[in-house]
Amino acid sequence: MIVGGGASGVLAALHVRAAGVDSFAVIEPGALGHGVAFGTVEPAHLLNVRAHAMSAYGDDPEHFAHWIAPTGASNKDFVQRVSYGAYLTEQAESAVTDVFATTADSLQPDDEGVDIMCADGRHLRAEHVALATGHGHNRTYESVLSASPRFHPDPFADVDIPSTDDVLILGTGLTAVDMVVLLAARSHRGRITMVSRRGLLPLPHKDVPPLPPIDPPTAETLGPLVREIREFAAHCGADWRAAVDALRPHTNTVWAKLSLADQRRFLRSFLRFWEAHRHRMPEVSADIMSQMREKDQLRVVAVRHPSFVIADEFIELRGGSVPVRFAQVVNCTGAATPAVQDPFSLPSRLVEEGIAERDPLGLGLVVRQNGMLSGQERITAIGSLRRGRLFWETIAIPEIRKQAARFAARVA
Ligand SMILES: Cc1cc2nc3c(=O)[nH]c(=O)nc-3n(C[C@H](O)[C@H](O)[C@H](O)COP(=O)(O)OP(=O)(O)OC[C@H]3O[C@@H](n4cnc5c(N)ncnc54)[C@H](O)[C@@H]3O)c2cc1C
(Lines give C-alpha, C1' and ligand atoms only; values in the text may rest on other atoms or scores of the structure.)
Protein backbone atom coordinates (compact mmCIF):
# COMPACT_ATOMS: atom_id res chain seq x y z
CA MET A 1 0.00 0.00 0.00
CA ILE A 2 1.26 3.45 -0.85
CA VAL A 3 0.00 6.07 1.58
CA GLY A 4 0.10 9.48 -0.11
CA GLY A 5 -0.17 10.07 -3.85
CA GLY A 6 1.89 13.22 -4.37
CA ALA A 7 5.09 13.02 -6.41
CA SER A 8 6.69 10.54 -3.98
CA GLY A 9 3.67 8.23 -3.85
CA VAL A 10 3.29 8.21 -7.62
CA LEU A 11 6.99 7.52 -8.16
CA ALA A 12 6.72 4.67 -5.66
CA ALA A 13 3.69 3.31 -7.56
CA LEU A 14 5.41 3.55 -10.96
CA HIS A 15 8.46 1.69 -9.71
CA VAL A 16 6.45 -0.94 -7.86
CA ARG A 17 4.49 -1.61 -11.06
CA ALA A 18 7.70 -1.68 -13.12
CA ALA A 19 9.15 -4.24 -10.67
CA GLY A 20 6.26 -6.57 -11.55
CA VAL A 21 4.01 -6.11 -8.51
CA ASP A 22 0.36 -6.13 -9.62
CA SER A 23 -1.38 -6.02 -6.30
CA PHE A 24 -1.00 -2.59 -4.77
CA ALA A 25 -3.06 0.53 -4.20
CA VAL A 26 -2.58 4.20 -3.39
CA ILE A 27 -4.40 6.11 -0.66
CA GLU A 28 -4.65 9.77 -1.71
CA PRO A 29 -7.51 12.24 -1.19
CA GLY A 30 -6.48 14.52 -4.07
CA ALA A 31 -5.27 14.16 -7.66
CA LEU A 32 -2.44 11.68 -8.18
CA GLY A 33 0.97 13.28 -8.72
CA HIS A 34 0.04 16.77 -7.57
CA GLY A 35 0.84 17.18 -3.88
CA VAL A 36 2.04 20.52 -2.61
CA ALA A 37 4.36 21.36 -5.51
CA PHE A 38 2.63 20.21 -8.69
CA GLY A 39 -1.06 20.88 -8.02
CA THR A 40 -0.81 24.53 -9.01
CA VAL A 41 -2.76 25.65 -12.08
CA GLU A 42 -0.82 28.91 -12.43
CA PRO A 43 1.25 28.98 -15.64
CA ALA A 44 3.63 31.43 -13.88
CA HIS A 45 4.71 28.68 -11.46
CA LEU A 46 7.77 27.02 -12.97
CA LEU A 47 9.81 23.99 -11.99
CA ASN A 48 12.89 25.05 -10.07
CA VAL A 49 15.12 22.79 -12.13
CA ARG A 50 15.48 22.10 -15.84
CA ALA A 51 13.32 19.44 -17.50
CA HIS A 52 16.22 16.99 -17.85
CA ALA A 53 16.37 16.58 -14.03
CA MET A 54 12.71 15.59 -13.67
CA SER A 55 12.26 12.15 -15.24
CA ALA A 56 10.23 9.71 -13.17
CA TYR A 57 12.72 6.99 -14.12
CA GLY A 58 16.41 7.08 -13.21
CA ASP A 59 17.23 4.62 -16.02
CA ASP A 60 15.47 6.84 -18.59
CA PRO A 61 16.62 10.33 -17.55
CA GLU A 62 15.14 12.08 -20.62
CA HIS A 63 11.68 10.54 -20.15
CA PHE A 64 10.05 13.79 -18.97
CA ALA A 65 11.99 15.86 -21.50
CA HIS A 66 10.65 13.63 -24.31
CA TRP A 67 7.13 13.79 -22.87
CA ILE A 68 7.17 17.59 -22.81
CA ALA A 69 9.00 18.00 -26.17
CA PRO A 70 5.79 18.20 -28.33
CA THR A 71 4.97 21.49 -26.55
CA GLY A 72 8.22 22.94 -27.93
CA ALA A 73 10.04 22.79 -24.56
CA SER A 74 13.66 21.64 -24.55
CA ASN A 75 15.32 19.57 -21.83
CA LYS A 76 17.06 22.75 -20.64
CA ASP A 77 13.83 24.67 -20.02
CA PHE A 78 12.19 25.41 -16.67
CA VAL A 79 8.73 24.23 -17.63
CA GLN A 80 5.45 24.96 -15.88
CA ARG A 81 4.83 22.95 -12.72
CA VAL A 82 1.28 22.26 -13.92
CA SER A 83 2.81 20.31 -16.84
CA TYR A 84 4.86 18.22 -14.46
CA GLY A 85 1.73 17.46 -12.42
CA ALA A 86 0.00 16.39 -15.66
CA TYR A 87 2.99 14.18 -16.54
CA LEU A 88 2.86 12.37 -13.20
CA THR A 89 -0.93 12.02 -13.36
CA GLU A 90 -0.66 10.51 -16.84
CA GLN A 91 2.05 8.08 -15.75
CA ALA A 92 -0.06 7.12 -12.74
CA GLU A 93 -3.14 6.49 -14.90
CA SER A 94 -1.39 3.69 -16.75
CA ALA A 95 0.24 2.16 -13.65
CA VAL A 96 -2.21 2.54 -10.77
CA THR A 97 -5.52 0.72 -10.89
CA ASP A 98 -6.62 0.99 -7.26
CA VAL A 99 -6.92 4.38 -5.60
CA PHE A 100 -8.68 5.03 -2.31
CA ALA A 101 -9.71 8.68 -2.29
CA THR A 102 -9.35 9.21 1.43
CA THR A 103 -6.64 9.73 4.03
CA ALA A 104 -5.02 7.09 6.19
CA ASP A 105 -5.68 7.96 9.82
CA SER A 106 -3.64 5.27 11.50
CA LEU A 107 -1.29 2.39 10.82
CA GLN A 108 -1.05 -0.67 13.06
CA PRO A 109 1.85 -2.92 12.05
CA ASP A 110 2.23 -6.55 13.16
CA ASP A 111 4.60 -9.35 12.12
CA GLU A 112 2.82 -10.10 8.84
CA GLY A 113 1.63 -6.71 7.67
CA VAL A 114 -0.03 -3.43 8.48
CA ASP A 115 -3.65 -2.56 9.28
CA ILE A 116 -4.63 0.80 7.82
CA MET A 117 -7.60 2.74 9.16
CA CYS A 118 -8.90 5.43 6.84
CA ALA A 119 -10.88 8.62 7.41
CA ASP A 120 -13.83 7.25 5.40
CA GLY A 121 -14.15 4.29 7.77
CA ARG A 122 -12.42 1.86 5.43
CA HIS A 123 -10.13 -0.73 7.00
CA LEU A 124 -7.36 -1.96 4.72
CA ARG A 125 -4.54 -4.47 5.11
CA ALA A 126 -1.14 -4.53 3.37
CA GLU A 127 2.06 -6.55 3.55
CA HIS A 128 4.17 -3.43 3.10
CA VAL A 129 3.45 0.28 3.37
CA ALA A 130 5.31 3.07 1.58
CA LEU A 131 4.74 6.15 3.72
CA ALA A 132 4.78 8.98 1.19
CA THR A 133 2.72 11.61 2.99
CA GLY A 134 5.21 14.36 2.18
CA HIS A 135 5.35 17.75 3.75
CA GLY A 136 3.52 19.16 6.73
CA HIS A 137 1.58 22.36 6.98
CA ASN A 138 3.28 25.39 8.56
CA ARG A 139 0.88 26.90 11.09
CA THR A 140 3.26 29.51 12.57
CA TYR A 141 1.49 32.62 11.32
CA GLU A 142 -2.02 31.19 11.21
CA SER A 143 -2.64 31.52 14.92
CA VAL A 144 -1.64 35.19 14.83
CA LEU A 145 -3.13 36.37 11.54
CA SER A 146 -6.06 34.13 10.64
CA ALA A 147 -8.44 36.57 12.40
CA SER A 148 -7.96 38.90 9.42
CA PRO A 149 -9.59 38.33 6.00
CA ARG A 150 -6.52 40.15 4.63
CA PHE A 151 -4.33 37.15 5.53
CA HIS A 152 -3.94 34.38 2.95
CA PRO A 153 -2.56 31.25 4.65
CA ASP A 154 -2.17 29.13 1.52
CA PRO A 155 -0.12 30.53 -1.37
CA PHE A 156 -1.31 27.73 -3.64
CA ALA A 157 -4.99 28.52 -3.19
CA ASP A 158 -6.39 30.96 -5.73
CA VAL A 159 -5.35 34.09 -3.85
CA ASP A 160 -7.46 37.02 -5.01
CA ILE A 161 -5.53 40.26 -4.50
CA PRO A 162 -6.73 43.62 -5.89
CA SER A 163 -4.03 44.85 -8.27
CA THR A 164 -3.33 48.14 -6.50
CA ASP A 165 -3.04 46.70 -2.97
CA ASP A 166 0.27 46.76 -1.12
CA VAL A 167 1.20 43.16 -0.39
CA LEU A 168 3.38 41.62 2.28
CA ILE A 169 4.82 38.21 1.42
CA LEU A 170 5.96 36.22 4.44
CA GLY A 171 9.04 34.30 3.33
CA THR A 172 11.82 34.88 0.81
CA GLY A 173 12.26 31.33 -0.48
CA LEU A 174 11.12 29.71 -3.70
CA THR A 175 7.42 29.78 -2.79
CA ALA A 176 7.68 33.50 -2.07
CA VAL A 177 9.40 33.99 -5.44
CA ASP A 178 6.50 32.08 -7.02
CA MET A 179 4.06 34.55 -5.49
CA VAL A 180 5.95 37.60 -6.77
CA VAL A 181 6.14 36.11 -10.25
CA LEU A 182 2.44 35.32 -10.12
CA LEU A 183 1.57 38.90 -9.10
CA ALA A 184 3.81 40.21 -11.90
CA ALA A 185 2.01 37.95 -14.40
CA ARG A 186 -1.28 39.46 -13.18
CA SER A 187 0.13 42.99 -13.79
CA HIS A 188 0.04 43.84 -10.10
CA ARG A 189 0.62 47.55 -9.55
CA GLY A 190 0.78 47.81 -5.74
CA ARG A 191 4.05 47.57 -3.85
CA ILE A 192 5.28 44.17 -2.75
CA THR A 193 7.47 43.51 0.29
CA MET A 194 9.08 40.14 1.00
CA VAL A 195 10.16 39.51 4.56
CA SER A 196 12.11 36.81 6.37
CA ARG A 197 14.52 36.57 9.27
CA ARG A 198 17.55 37.01 7.04
CA GLY A 199 15.98 38.48 3.91
CA LEU A 200 17.90 36.00 1.75
CA LEU A 201 16.55 35.27 -1.74
CA PRO A 202 17.39 32.13 -3.71
CA LEU A 203 20.21 32.86 -6.16
CA PRO A 204 19.48 32.48 -9.88
CA HIS A 205 20.26 29.44 -11.97
CA LYS A 206 22.70 29.82 -14.86
CA ASP A 207 23.47 27.27 -17.53
CA VAL A 208 27.03 26.32 -16.59
CA PRO A 209 29.03 23.25 -17.62
CA PRO A 210 29.05 20.66 -14.81
CA LEU A 211 32.28 19.71 -13.06
CA PRO A 212 33.47 16.11 -13.38
CA PRO A 213 32.60 13.98 -10.30
CA ILE A 214 34.59 15.06 -7.25
CA ASP A 215 35.82 13.29 -4.12
CA PRO A 216 33.71 13.87 -1.02
CA PRO A 217 34.88 16.54 1.45
CA THR A 218 37.07 15.02 4.17
CA ALA A 219 36.29 17.25 7.19
CA GLU A 220 33.97 15.74 9.79
CA THR A 221 33.34 18.80 11.95
CA LEU A 222 31.43 21.89 10.91
CA GLY A 223 34.06 24.66 11.00
CA PRO A 224 36.67 22.80 8.92
CA LEU A 225 33.93 21.48 6.63
CA VAL A 226 32.64 24.96 5.82
CA ARG A 227 36.24 26.11 5.16
CA GLU A 228 36.88 23.10 2.91
CA ILE A 229 33.72 23.74 0.89
CA ARG A 230 34.45 27.47 0.54
CA GLU A 231 38.00 26.74 -0.64
CA PHE A 232 36.77 24.14 -3.09
CA ALA A 233 34.21 26.56 -4.55
CA ALA A 234 36.81 29.34 -4.78
CA HIS A 235 39.47 27.21 -6.46
CA CYS A 236 37.55 24.68 -8.57
CA GLY A 237 37.93 26.90 -11.62
CA ALA A 238 34.21 26.88 -12.39
CA ASP A 239 31.08 28.86 -11.56
CA TRP A 240 30.01 28.37 -7.90
CA ARG A 241 26.84 26.70 -9.15
CA ALA A 242 28.88 23.88 -10.66
CA ALA A 243 30.69 23.52 -7.32
CA VAL A 244 27.41 23.31 -5.37
CA ASP A 245 26.01 20.76 -7.84
CA ALA A 246 29.20 18.69 -7.68
CA LEU A 247 28.83 18.49 -3.90
CA ARG A 248 25.21 17.29 -4.11
CA PRO A 249 26.00 13.53 -4.34
CA HIS A 250 28.08 13.83 -1.16
CA THR A 251 25.99 16.04 1.11
CA ASN A 252 24.02 13.20 2.71
CA THR A 253 27.24 11.35 3.61
CA VAL A 254 28.90 14.50 4.90
CA TRP A 255 25.80 15.33 6.96
CA ALA A 256 25.76 11.86 8.53
CA LYS A 257 29.35 12.28 9.75
CA LEU A 258 28.61 15.52 11.62
CA SER A 259 27.84 15.30 15.33
CA LEU A 260 24.30 16.17 16.42
CA ALA A 261 25.62 19.43 17.89
CA ASP A 262 27.22 20.37 14.56
CA GLN A 263 24.06 19.44 12.66
CA ARG A 264 22.09 21.75 14.98
CA ARG A 265 24.65 24.51 14.48
CA PHE A 266 24.44 24.07 10.71
CA LEU A 267 20.64 24.37 10.76
CA ARG A 268 20.87 27.51 12.90
CA SER A 269 23.69 29.35 11.15
CA PHE A 270 24.26 27.98 7.64
CA LEU A 271 21.13 26.30 6.29
CA ARG A 272 19.58 29.44 4.76
CA PHE A 273 22.86 30.32 3.01
CA TRP A 274 23.24 26.80 1.68
CA GLU A 275 19.62 26.75 0.49
CA ALA A 276 20.00 30.09 -1.33
CA HIS A 277 22.85 28.55 -3.34
CA ARG A 278 21.47 25.04 -3.70
CA HIS A 279 17.73 25.66 -4.34
CA ARG A 280 18.00 28.31 -7.02
CA MET A 281 15.33 30.20 -8.91
CA PRO A 282 14.86 30.09 -12.69
CA GLU A 283 16.68 32.93 -14.49
CA VAL A 284 13.39 34.23 -15.84
CA SER A 285 12.04 34.66 -12.29
CA ALA A 286 15.26 36.44 -11.25
CA ASP A 287 14.87 38.84 -14.21
CA ILE A 288 11.27 39.65 -13.28
CA MET A 289 12.28 40.32 -9.68
CA SER A 290 15.23 42.53 -10.67
CA GLN A 291 12.99 44.65 -12.88
CA MET A 292 10.49 45.07 -10.06
CA ARG A 293 13.23 46.00 -7.61
CA GLU A 294 14.66 48.57 -10.05
CA LYS A 295 11.21 50.19 -10.29
CA ASP A 296 11.10 50.13 -6.48
CA GLN A 297 7.94 48.07 -6.65
CA LEU A 298 9.55 45.16 -4.82
CA ARG A 299 11.50 45.27 -1.56
CA VAL A 300 13.15 42.42 0.32
CA VAL A 301 13.62 43.02 4.03
CA ALA A 302 15.06 41.14 6.99
CA VAL A 303 13.05 41.24 10.21
CA ARG A 304 14.33 38.95 12.97
CA HIS A 305 11.27 39.00 15.20
CA PRO A 306 8.20 40.14 13.26
CA SER A 307 4.99 40.99 15.07
CA PHE A 308 1.68 42.16 13.66
CA VAL A 309 -1.18 44.50 14.43
CA ILE A 310 -4.49 43.60 12.80
CA ALA A 311 -7.03 46.30 11.90
CA ASP A 312 -10.04 46.34 9.55
CA GLU A 313 -8.15 48.34 6.92
CA PHE A 314 -4.69 46.79 7.15
CA ILE A 315 -2.23 44.42 8.77
CA GLU A 316 0.78 46.22 10.21
CA LEU A 317 4.21 44.60 10.28
CA ARG A 318 6.37 45.54 13.26
CA GLY A 319 9.90 44.58 14.18
CA GLY A 320 11.70 46.37 11.34
CA SER A 321 13.02 49.93 11.43
CA VAL A 322 9.47 51.37 11.13
CA PRO A 323 6.01 49.80 11.25
CA VAL A 324 4.60 49.25 7.75
CA ARG A 325 0.95 48.66 6.79
CA PHE A 326 -0.25 46.26 4.14
CA ALA A 327 -3.61 45.63 2.56
CA GLN A 328 -2.84 41.92 2.00
CA VAL A 329 -0.50 39.39 3.59
CA VAL A 330 0.35 36.05 1.97
CA ASN A 331 2.01 33.24 3.90
CA CYS A 332 4.76 31.79 1.71
CA THR A 333 6.79 30.19 4.49
CA GLY A 334 7.32 26.53 4.86
CA ALA A 335 5.73 24.80 1.86
CA ALA A 336 8.18 22.04 2.73
CA THR A 337 7.63 22.13 6.51
CA PRO A 338 8.61 18.81 8.12
CA ALA A 339 5.48 16.71 8.65
CA VAL A 340 6.65 15.84 12.17
CA GLN A 341 6.27 19.53 13.07
CA ASP A 342 2.62 19.44 12.03
CA PRO A 343 0.58 17.96 14.91
CA PHE A 344 -2.23 16.93 12.52
CA SER A 345 -0.11 14.82 10.16
CA LEU A 346 -0.10 11.01 10.07
CA PRO A 347 3.66 10.86 10.86
CA SER A 348 3.06 12.92 14.04
CA ARG A 349 0.30 10.52 15.03
CA LEU A 350 2.61 7.54 14.43
CA VAL A 351 5.13 9.18 16.75
CA GLU A 352 2.48 9.76 19.42
CA GLU A 353 1.41 6.12 19.21
CA GLY A 354 5.01 4.88 19.53
CA ILE A 355 5.01 3.32 16.04
CA ALA A 356 7.58 5.81 14.73
CA GLU A 357 10.24 7.96 16.34
CA ARG A 358 10.83 11.64 15.59
CA ASP A 359 14.47 12.30 14.67
CA PRO A 360 16.35 14.38 17.26
CA LEU A 361 16.40 17.46 15.00
CA GLY A 362 12.64 17.36 14.44
CA LEU A 363 13.05 17.11 10.67
CA GLY A 364 11.71 13.65 9.93
CA LEU A 365 11.32 10.13 11.28
CA VAL A 366 14.13 7.90 12.49
CA VAL A 367 14.75 5.54 9.57
CA ARG A 368 17.32 2.94 8.61
CA GLN A 369 19.49 3.30 5.53
CA ASN A 370 16.79 1.69 3.33
CA GLY A 371 14.14 4.10 4.65
CA MET A 372 12.35 1.57 6.89
CA LEU A 373 11.08 3.12 10.08
CA SER A 374 13.27 2.28 13.03
CA GLY A 375 11.94 -0.85 14.75
CA GLN A 376 9.45 -1.59 11.94
CA GLU A 377 9.85 -4.15 9.16
CA ARG A 378 6.73 -3.22 7.17
CA ILE A 379 6.72 0.57 6.83
CA THR A 380 9.16 2.48 4.61
CA ALA A 381 9.34 6.27 4.41
CA ILE A 382 9.82 7.83 0.99
CA GLY A 383 10.89 11.45 0.44
CA SER A 384 10.90 14.24 2.97
CA LEU A 385 10.18 11.97 5.96
CA ARG A 386 13.78 10.75 5.67
CA ARG A 387 15.08 14.24 6.47
CA GLY A 388 17.18 14.18 9.59
CA ARG A 389 18.98 10.94 8.80
CA LEU A 390 19.50 12.39 5.35
CA PHE A 391 20.35 15.98 4.63
CA TRP A 392 17.94 17.92 2.40
CA GLU A 393 18.77 15.68 -0.59
CA THR A 394 15.65 13.58 -0.12
CA ILE A 395 12.95 15.99 -1.26
CA ALA A 396 13.66 16.42 -4.97
CA ILE A 397 12.69 14.10 -7.81
CA PRO A 398 16.12 12.50 -8.56
CA GLU A 399 16.50 11.30 -4.97
CA ILE A 400 12.84 10.33 -4.54
CA ARG A 401 12.80 8.19 -7.71
CA LYS A 402 15.91 6.37 -6.46
CA GLN A 403 14.24 5.65 -3.11
CA ALA A 404 11.09 4.53 -4.93
CA ALA A 405 13.06 2.12 -7.13
CA ARG A 406 14.83 0.60 -4.11
CA PHE A 407 11.56 0.20 -2.23
CA ALA A 408 10.05 -1.51 -5.28
CA ALA A 409 12.99 -3.90 -5.63
CA ARG A 410 12.65 -4.89 -1.98
CA VAL A 411 8.91 -5.61 -2.03
CA ALA A 412 8.80 -7.26 -5.48
C1 LIG B 1 6.60 24.93 -4.26
C2 LIG B 1 7.52 23.77 -4.48
C3 LIG B 1 8.15 23.60 -5.70
C4 LIG B 1 9.00 22.52 -5.92
N5 LIG B 1 9.60 22.37 -7.13
C6 LIG B 1 10.39 21.30 -7.34
C7 LIG B 1 11.03 21.10 -8.62
O8 LIG B 1 10.91 21.92 -9.51
N9 LIG B 1 11.79 19.99 -8.78
C10 LIG B 1 11.98 19.07 -7.77
O11 LIG B 1 12.67 18.06 -7.97
N12 LIG B 1 11.39 19.24 -6.58
C13 LIG B 1 10.63 20.32 -6.34
N14 LIG B 1 10.07 20.51 -5.12
C15 LIG B 1 10.37 19.53 -4.07
C16 LIG B 1 9.17 18.66 -3.75
O17 LIG B 1 9.21 18.51 -2.35
C18 LIG B 1 9.14 17.29 -4.37
O19 LIG B 1 9.55 17.29 -5.69
C20 LIG B 1 7.76 16.61 -4.30
O21 LIG B 1 6.75 17.52 -4.63
C22 LIG B 1 7.50 16.02 -2.98
O23 LIG B 1 6.31 15.29 -3.10
P24 LIG B 1 5.77 14.38 -1.94
O25 LIG B 1 4.82 13.44 -2.55
O26 LIG B 1 6.89 13.80 -1.16
O27 LIG B 1 5.07 15.37 -0.93
P28 LIG B 1 3.73 16.24 -1.09
O29 LIG B 1 3.77 17.05 -2.30
O30 LIG B 1 3.57 16.93 0.24
O31 LIG B 1 2.57 15.16 -1.26
C32 LIG B 1 2.13 14.34 -0.22
C33 LIG B 1 0.80 13.74 -0.59
O34 LIG B 1 0.39 12.86 0.44
C35 LIG B 1 -0.99 13.04 0.69
N36 LIG B 1 -1.24 12.70 2.08
C37 LIG B 1 -0.80 13.34 3.20
N38 LIG B 1 -1.22 12.72 4.30
C39 LIG B 1 -1.95 11.65 3.90
C40 LIG B 1 -2.63 10.61 4.58
N41 LIG B 1 -2.68 10.55 5.92
N42 LIG B 1 -3.26 9.67 3.85
C43 LIG B 1 -3.23 9.72 2.48
N44 LIG B 1 -2.60 10.69 1.79
C45 LIG B 1 -1.97 11.63 2.49
C46 LIG B 1 -1.29 14.49 0.37
O47 LIG B 1 -2.64 14.66 -0.01
C48 LIG B 1 -0.31 14.76 -0.78
O49 LIG B 1 -0.91 14.58 -2.03
C50 LIG B 1 9.23 21.58 -4.88
C51 LIG B 1 8.60 21.77 -3.64
C52 LIG B 1 7.76 22.84 -3.45
C53 LIG B 1 7.10 23.00 -2.11
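### Re the nonpolar core
For step 1, the next point in the chain: Formed by 63 residues in total, the largest nonpolar core has its most connected members in Ala12 and Ala13.
For step 2, the next point in the chain: Ranked by residue count, the leading element in this core is helix H1 (residues 7-18), at seven residues.
For step 3, the next point in the chain: Residue contacts for Ala12: discarding those within four places in its chain leaves Ile2, Ala130, Ala132, Ile382, Ala404 and Phe407.
For step 4, the next point in the chain: One finds Leu168, Ile169, Leu298 and Leu317 within the second-largest nonpolar core, a separate group that totals 26 residues.

### Concerning the sheet that holds strand S14 (residues 324-326)
For step 1, the next point in the chain: Across the sheet, which stays open at both edges, the three strands sit in the order S12-S13-S14 with antiparallel pairing between neighbours. The strands lining the two open edges of the sheet, one partner per strand, are strand S12 (307-310) and S14. Here the strands of the sheet are splayed against their neighbours by 30° on average, with no regard to which way each runs.

### Some details on unusual backbone geometry
For step 1, the next point in the chain: The backbone phi angle of Ser187 is positive, close to 55°, even though this residue is not glycine.
For step 2, the next point in the chain: Along the chain, the position of Ser187 falls in the loop between helix H6 (174-185) and strand S10 (192-196).
For step 3, the next point in the chain: Despite not being glycine, Asp296 has its phi angle at roughly 65°, a positive value.
For step 4, the next point in the chain: One can find Asp296 in the loop between helix H11 (283-294) and strand S11 (298-302).
For step 5, the next point in the chain: A tally of 8 C-beta atoms within 10 Å means that Asp296 is categorised as exposed.

Quick notes on the rules
Residues numbered from 1 in each chain as written. Predicted model: local features only at pLDDT ≥ 70, side-chain atom pairs only at ≥ 80, totals over all residues. Core = buried A, V, L, I, M, F, W, Y, C linked by C-beta atoms within 7 Å. Buried ≥ 20, exposed ≤ 12 C-beta atoms within 10 Å, placed from the backbone. Helix = DSSP H or I, 4+ residues; strand = E, 2+ residues; numbered from the N terminus. Contact = placed C-beta atoms within 7 Å. Pairing = 2+ DSSP bridges. Axes fitted to C-alpha atoms, helices over the stretch in contact; angles between N-to-C directions.

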